[in-house]
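# Structural overview for review
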Amino acid sequence: MRRCTVGLALAIVMTAAAPAHAQDLNSAISAYNEAATSGDTQQKISTAKALGREAMNATGRDDAALLAIEAAKTICLQGDCKDAVDLIEWASGKPLPEGTISRENADLAEAYINWRVKSDSRNRESLDAALEKMVDSDLTLITLAAFTQRYQEDVSKKHWHIAAVSASQASEYLVPFRGAIGETWSNAEMTGIISNFNAVQEPDSALDMARHSVALRELAAAFDSDLPEWLVYDYFRSTAWASSITAYFDSGGGVRKWSNIKGPETRSLEDQVHDIYSDTEAPGMRLGPLAMTDESGQLPLCSGHFKKKKWPRYPRMGLRGMMGTVISQVSVKDGRVDDVRVLAAVPAEGFADETVRALKYWEWVVDDGTPGETCSLNGANLIQQVTFLLE
């Protein structure tokens, strides 16, 4: 079973030897272990540097390379990776004590530090090769940093084909640990899907995003208390993305002009997305009760629907040619929209302003019940989705 060791201090054992250099190393180890639990970044860096210096002087100790690697990782993760280069080069290839870190872990630390110092093709290849050997390993600070920062750099460079692969690999690696670091896993998964859609506009991206939305809903079902903000945010963002990608094909996306080759049947794609949502037994994402009701707090919100007195307009500036989806949380008071909170707006925030502006004109129309007697015209946590597309 793979373990999550992120956030755990490495308990480096001190030697009982008496020589002065051994005492200096013991002091460095003690200070390093104390700093590891202190939460003080500068203290962690300074004690790691001291540990590294003493480790390089302790040539007679069989764990000298281990100590140098540990110090180098902390310096790079907490500070400037350039300060870790000498340490990691000194430790490179040296034997490691049995029962400590693996050679693969040490090689990853070296590849990661070199890549962070100089992100060229050679160092990237070394990092890729090192990470390939770690896909079934325990989760550590160095594997977490390497997997996530690699795809983040690909996205920053807009290398969508590469980012789709690196983000998906990060997500697959993080799946077993999503109970502990769910937000990091979810970000990797969604980034992989979006990057793949940016690279190759295929309907599978809508299906993959819908599956991720369901996975988040199932994860939320395990919570007895309030849901983490990131979980609610990612759920609605993934749902919005699934809708937006479907809208892309509904707008004619995927159709090759001057050709008989056309994109997928949109209705079929919508049905497939709907089937994915329907197949799960997990309840919908809960945001709170629907009825904020009357003053007595006893009557439920009347069964009804919104009368759309004003439709959202496609944004005039900057978003031409884009599809988009906005999901909002709406409250009503006396049958009129009282407040609108945007839960997700993709792929651009510009769609949100037009949506909020229109929603504030909407009114709640009663389909069944008598307001004030059997039901109320006051309600909250009503979820509304608006999708923009070009026809």
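Since we're looking at a predicted model, the values are computed, not measured.

### Focus: the layout of surface pockets
- Of the pockets and cavities examined, the second largest pocket occupies roughly 290 Å³.
- In terms of lining residues, the second largest pocket is bounded by 17 residues, among which Met190, Thr191, Ile194, Arg237 and Trp241 are the most central.
- Elements supplying a minimum of two residues to the lining of the second largest pocket: α9 (182-199), α11 (229-250) and β3 (336-346).
- Along the lines of polarity and charge, the residues of the lining of the second largest pocket split into 11 nonpolar, four polar and two charged.

### Points about the state of the cysteines
- One pass over the full model with this rule turns up two disulfides.
- Note that cysteine 76 is cross-linked by a disulfide to cysteine 81, the S-S spacing being 1.9 Å. Taking the sign of the torsion about the S-S bond as the criterion, the disulfide between cysteine 76 and cysteine 81, at about 75°, is right-handed.
- Given a relative accessible area of 2%, cysteine 76 falls into the buried group.
- Two residues share a disulfide in this structure: cysteine 302 and cysteine 375, whose sulfurs sit 1.9 Å from each other.

### Looking at empty space enclosed by the protein
- Applying the stated criterion across every chain, the model contains one cavity of 30 Å³ or more.
- Estimates place the volume of the largest cavity at around 30 Å³.
- Lining the largest cavity, in full, are Ile69, Ile88, Ala91, Ser92, Gly93, Arg103, Ala106 and Glu110.
- Here the element with the most residues in the lining of the largest cavity is helix α5 (residues 103-117); it accounts for three residues.
- Looking at the lining of the largest cavity residue by residue, the classes come out as four nonpolar, two polar and two charged.

### Observations regarding helix α7 (residues 141-156)
- Taking 1.5 Å per residue, 16 residues should reach 22 Å; α7 reaches 22 Å between its end C-alpha atoms and fits that length.
- Those residues of α7 that sit buried are Ile142, Thr143, Leu144, Ala145, Ala146, Phe147, Thr148, Arg150, Tyr151, Glu153 and Asp154.
- The elements touched by buried residues of α7 are α3 (64-78), α5, α6 (121-132), α8 (160-174) and α9.
- Positive backbone phi, at 60°, marks lysine 158, one or two positions downstream of α7.

### A look at unusual backbone geometry
- Residue valine 346 is joined to proline 347 through a cis peptide bond whose omega torsion reads 0°.
- Note that proline 347 resides in the loop between β3 and α13 (350-359).
- Positive phi values are uncommon outside glycine, yet lysine 158 reaches one of about 60°.
- On the secondary structure map, lysine 158 appears in the loop between α7 and α8.
- Of note in the backbone geometry, aspartate 334 takes a positive phi value of approximately 55° without being a glycine.
- Within the element layout of this structure, aspartate 334 appears in the loop between β2 (324-333) and β3.
- Take aspartate 334: its relative accessible area is 57%, and that puts it in the exposed class.

### A short note on the nonpolar core
- One finds Leu51, Leu108, Tyr112, Ile113, Leu174 and Phe236 to be the most contacted residues of the largest nonpolar core, which totals 87 residues.
- It is α11 that provides the largest number of residues to this core, a total of 11 residues.
- The residues touching tyrosine 112, leaving out its near neighbours within four places in the chain, are Cys76, Leu77, Leu127, Ile142, Ala145, Ala146 and Gln149.
- With 13 residues, the next largest nonpolar core counts Phe306, Val332, Trp362 and Trp364 among its residues.

About the criteria used
Numbering of residues starts from 1 in each chain and follows the order in which that chain's sequence is written. Owing to the predicted nature of the model, reporting of local features is limited to residues with pLDDT of at least 70; listing and counting of side-chain atom pairs is limited to 80 or more, with chain, interface and lining totals taken over all residues. To get the side-chain values, take all heavy atoms of the structure and skip hydrogens and water. Put simply, the grid is 1 Å and covers the protein atoms alone, a cavity is a trapped set of points that fit a 1.4 Å probe, a pocket is an open set with protein on both sides within 12 Å along at least five of seven lines, and lining residues have an atom within 4 Å of a point. Grid points are joined across faces, edges and corners, and a volume is the space filled by probe spheres set on the points. Helical segments are the DSSP runs of H or I of at least four residues, strand segments are the runs of E of at least two, and each set is numbered from the N terminus. Note that Gly is not counted as nonpolar here; it falls among the polar residues with everything else outside the nonpolar set of Ala, Val, Leu, Ile, Met, Phe, Trp, Tyr, Cys and Pro and the charged set of Asp, Glu, Lys and Arg. Whenever a pair of cysteine sulfur atoms sits within 2.5 Å, that pair is classed as a disulfide. Accessible area is worked out with a 1.4 Å probe on protein chains only. A residue is then buried under 20% of its type maximum, exposed over 50%, and partly exposed in between. In a helix, the anticipated span is given by 1.5 Å times the number of residues less one. By definition in these notes, contact holds between two residues if any of their heavy atoms fall within 4.5 Å. Note on terminology: a nonpolar core comprises buried Ala, Val, Leu, Ile, Met, Phe, Trp, Tyr and Cys residues joined through side-chain atoms within 4.5 Å.

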